[in-house]
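Tertiary structure, described
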Amino acid sequence: MNFTASKQPENCLLGPESDSQRTLYPYVTGTSVVALKYKDGILMAADMGGSYGSTLRYKNVERMKPIGKHSLLGASGEISDFQEILRYLDDLILYDNMWDDGNSLGPKEVHNYLTRVMYNRRNKFNPLWNSLVLGGVKKGEKYLGTVSMIGVNFEDNHVATGFGNHLARPILRQDWHENLSFEDGVKLLEKCMRVLLYRDRSAINKLQIAKITEEGVTISQPYSLKTYWEFSAFANPAQGAVGTW
Amino acid sequence: MFRNQYDTDVTTWSPAGRLFQVEYAMEAVKQGSAAIGLRSKTHIVLGCVNKANSELSSHQKKIFKVDDHIGVAIAGLTADGRVLSRYMRNECINYSFTYESPLPVGRLVVQLADKAQVCTQRSWKRPYGVGLLVAGLDESGAHLYYNCPSGNYFEYQAFAIGSRSQAAKTYLERRFENFSDSSRDDLVKDALMAIRETLQGETLKSSICTVAVVGVGEPFHILEQETVQQMIDAFEIVGEQEGPAAEPDAAAAAGQEAAAADQGGSTEEGVAPMDI
């Protein structure tokens, strides 16, 4: 029995509700991914949390995966859609390898392929609910780009998804420079991830950092960041701004 | 080649294991006017003989730009060549759109060959009657391929197809070892000399030939007629002023196909109605 008839406003473009074949909201989601270019390639960081709404349901989700020989993909948003994207890319790389002709898809090609996929799904009102970060190195050229669920794509020296855009990018804009060493790059990423850990409620203190260079991909073992909760501002947060939390 | 009872259908094998329709299609390539290609490590030059039917008409297009990094020269049924060029352009542009990267020429050539093979295995189709010299660049450098109506493809340092191509091939065989390190201009000069070989005595002028170049840092483009004429003059390529006396009997060519099948065609356009 239907007690509450759900009604769409008259000017709605959404189509009949029986049309449940499209993504309406995400269910299991990952939070920010942050990445930057450094001297030898790309460094990317993401935590291992999979939230089910406000519950931190899954704590061992790998949100970064190598793609082919030259690329690394990190994703935030719906985890099942990320897995679907990995399947598409698996096929793509497989067919690319089957040519066996000395040519291979580099990070720029994979990024553009993903942009086409995301944008086409958006046009059908059935998006893959992800924000993707694609980084890689091919023939000495470093590449770092991002694609959103509506198909917005661009490249930059450092990118982030979700909350990372608001909390990590400002730090990167200030502290990033060309030819960072590996250690400095990791320190910078950890600085960003720590801020996210403090301020993003869907972040967990279990992260991986991935590196991609001409040689290949390495994804670190999960580890935790040291945190300090005894800042006086944390102890009495409403001091400077009454009513805040 | 004599008419036999196994040559009506492309899908009928002969007892000797041949598909005559495919072989006849390759014959069409040999009747077309010459096209040549040669490459160095960084550049590829395509050239062809372009003779107009009459003084009133313009000549047919035999060299097509497929993409900034790929071009093709054809010999045989130019209509088939035009259609295949459109296919190639389509493939290149679709790949570029999806991957923002140029389609590797080796992959295009395989797709083209697969397309040609289909026509050798369907009873309601006929093989394409055109040979294609595909010139292109990819990650591994400069490439020149030859695509056959049979669906085969081969990679070459230098090659010539079409009527009297044997003369050009002989010239190229003598010189090909030096092509790898040739400069771009030397490559064009060699192309023009190879074209001259196929003219057998006629004066080489920019009005009867077309030359195109593609290379690292140089998108595929057809050279302007003036530029070509300047190069001809500079290299002092002037054919011997012999009359057209040394022509094999054009009439006999229709009946007997002797060993020199390549040179069976004559300067008379009427013998091979299918192509310029």
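Quick look at the structure, then. (Residues numbered from 1 in each chain as written. Chains lettered and ligands numbered in written order. Predicted model: local features only at pLDDT ≥ 70, side-chain atom pairs only at ≥ 80, totals over all residues. Heavy atoms only, no water.)

Examining a nonpolar patch on the surface
A surface patch of nonpolar side chains, amounting to about 480 Å² of accessible area, comprises A:Leu24, A:Tyr25, A:Tyr27 and A:Tyr52. The exposure class of A:Leu24 is partly exposed, given its relative accessible area of 45%. (Patch = residues over 30% accessible without salt bridge, like charges linked within 9 Å, V, L, I, M, F, W, Y side chains within 5 Å. Areas by Shrake-Rupley, 256 points an atom, 1.4 Å probe, with all protein chains shown as cover. Salt bridge = Lys/Arg side-chain N within 4 Å of Asp/Glu carboxyl O. Buried < 20%, exposed > 50% of the residue type's maximum accessible area, 1.4 Å probe, protein only.)

Some details on the sheet that holds strand S9 (residues 209-215) of chain B
All names here are of chain B. Pairing is antiparallel in the open sheet, where 5 strands are placed in the order S8-S1-S2-S9-S10. In this open sheet, the two strands that pair with only one neighbour each are strand S8 (158-161) and strand S10 (218-222). Direction aside, the axes of adjacent strands within the sheet are offset by 10 degrees on average. As judged from the 5 bridges shared by strand S1 (residues 35-39) and strand S2 (residues 43-49), these two strands associate in the antiparallel manner. Paired with Leu-38 across the bridge in S2 is Val-45. (Pairing = 2+ DSSP bridges. Helix = DSSP H or I, 4+ residues; strand = E, 2+ residues; numbered from the N terminus. Axes fitted to C-alpha atoms, helices over the stretch in contact; angles between N-to-C directions.)

Examining the packing of helix H2 (residues 78-99) of chain B against helix H3 (residues 105-118) of chain B
All names here are of chain B. Where H2 meets H3, the closest approach of the two axes is 11 Å, and the angle between their N-to-C directions is 135 degrees. In terms of orientation, H2 lies oblique with respect to H3. For the pair H2 and H3, the sense of crossing is right-handed. Here Leu-84, Tyr-87, Met-88, Glu-91 and Cys-92 of H2 come into contact with H3, specifically with Leu-108, Gln-111, Leu-112 and Lys-115. Of the residues contributing to the contact of H2 with H3, the split by class is 6 nonpolar, 1 polar and 2 charged. (Parallel < 35°, antiparallel > 145°, perpendicular 65-115°, else oblique. Left-handed = near helix turned anticlockwise from the far one by under 90°. Contact = heavy atoms within 4.5 Å. Nonpolar A, V, L, I, M, F, W, Y, C, P; charged D, E, K, R; others polar.)

What to know about the pairing of strand S5 (residues 130-138) of chain B
Residues and elements named next belong to chain B. Here S5 lies mainly inside the structure; 9 of its 9 residues are buried. A two-sided burial pattern is seen for S5, the buried positions comprising Val-130, Leu-132, Val-134, Gly-136 and Asp-138 on one face and Gly-131, Leu-133, Ala-135 and Leu-137 on the other. Where strand S4 (residues 70-76) and S5 come together, 7 bridges link them in antiparallel fashion. Opposite Ile-74, over in S5, you have Leu-132 as the bridge partner. Of the strand pairs in this sheet, S5 and strand S6 (residues 141-147) are connected by 7 bridges, and their pairing is antiparallel. In the strand pairing of S6, Leu-133 is matched with Tyr-146.

Some remarks on a positive patch on the surface
Residues and elements named next belong to chain B. A contiguous patch of positive charge, built from Lys-61, Arg-82, Arg-86 and Arg-89, is present on the exposed surface. The topology assignment puts Arg-86 in helix H2. Exposure remark for Arg-86: the relative accessible area of 53% places this residue in the exposed category. (Lys, Arg positive; Asp, Glu negative; His and termini not counted. Charge placed at Lys NZ, Arg CZ, Asp CG, Glu CD.)

Side note on the interface of chain B and chain A
How large an interface is tends to be reported as the accessible area lost when its parts come together. Counting residues at the interface gives 12 residues for chain B, matched by 15 residues for chain A. Counting the surface lost from both chain B and chain A, the interface buries some 1300 Å², and carbon and sulfur atoms represent 48% of this. A per-residue breakdown of the area chain B buries against chain A is headed by B:Tyr99, B:Arg107 and B:Glu139, which together make up 54% of the total. In this assembly, chain B and chain A are joined by 4 salt bridges. Among the salt bridges present, the one from B:Arg107 reaches A:Asp96, with a minimum N-O distance of 2.7 Å. For the pair chain B and chain A, the number of links is 7 residue pairs in polar contact (both at pLDDT 80 or more). Of all the elements, H2(B) adds the most residues to the side of chain B that touches chain A, at 4 residues. (Buried area = accessible area lost by both parts, 1.4 Å probe. Polar contact = N/O pair within 3.5 Å; in protein donor to acceptor, adjacent residues only side chain to side chain.)

Observations concerning the sheet that holds strand S11 (residues 158-160) of chain A
Residues and elements named next belong to chain A. Ordered by their spatial adjacency, 5 strands build an open sheet running S11-S2-S3-S12-S13, and the pairing between neighbours is antiparallel. Where the open sheet ends on each side, the last strands, each with one partner, are S11 and strand S13 (216-219). When the angles between neighbouring strand axes are averaged without regard to direction, this sheet yields 15 degrees. Relative to strand S12 (residues 207-213), strand S3 (residues 41-47) is paired through 7 bridges, and the arrangement is antiparallel. What sits directly across from Ala-45, in S12, is Ile-209.

Comments concerning the packing of helix H4 (residues 165-175) of chain B against helix H5 (residues 184-199) of chain B
Residues and elements named next belong to chain B. Remark: H4 packs on H5, axes separated minimally by 7 Å, with the N-to-C direction vectors making an angle of 145 degrees. Remark: the crossing between H4 and H5 carries right-handed chirality. Taken together, the residues of H5 that come into contact with H4 (itself represented by Ser-165, Ala-167, Ala-168, Tyr-171, Leu-172 and Arg-175) are Asp-190, Met-193, Ala-194, Glu-197 and Thr-198. Classifying every residue of the contact of H4 with H5 gives 6 nonpolar, 2 polar and 3 charged.

As for the nonpolar core
Grouped together as the largest cluster of nonpolar side chains are 41 residues, with contacts concentrated most on A:Leu73, A:Leu89, A:Leu114, B:Leu132 and B:Val134. The element best represented in this core is helix H1 (residues 79-99) of chain A, accounting for 6 residues. In this structure, B:Val45, B:Val49, B:Ala158 and B:Ile195 belong to the second largest nonpolar core, which totals 28 residues. (Core = buried A, V, L, I, M, F, W, Y, C linked by side-chain atoms within 4.5 Å.)

Examining H4(B)
Residues of H4(B) that are buried: B:Ser165, B:Ala167, B:Ala168, B:Lys169, B:Tyr171 and B:Leu172. Check the buried side of H4(B) and you find it contacts S1, S8 and H5 of chain B.

What is shown is where atoms sit, not what they do.
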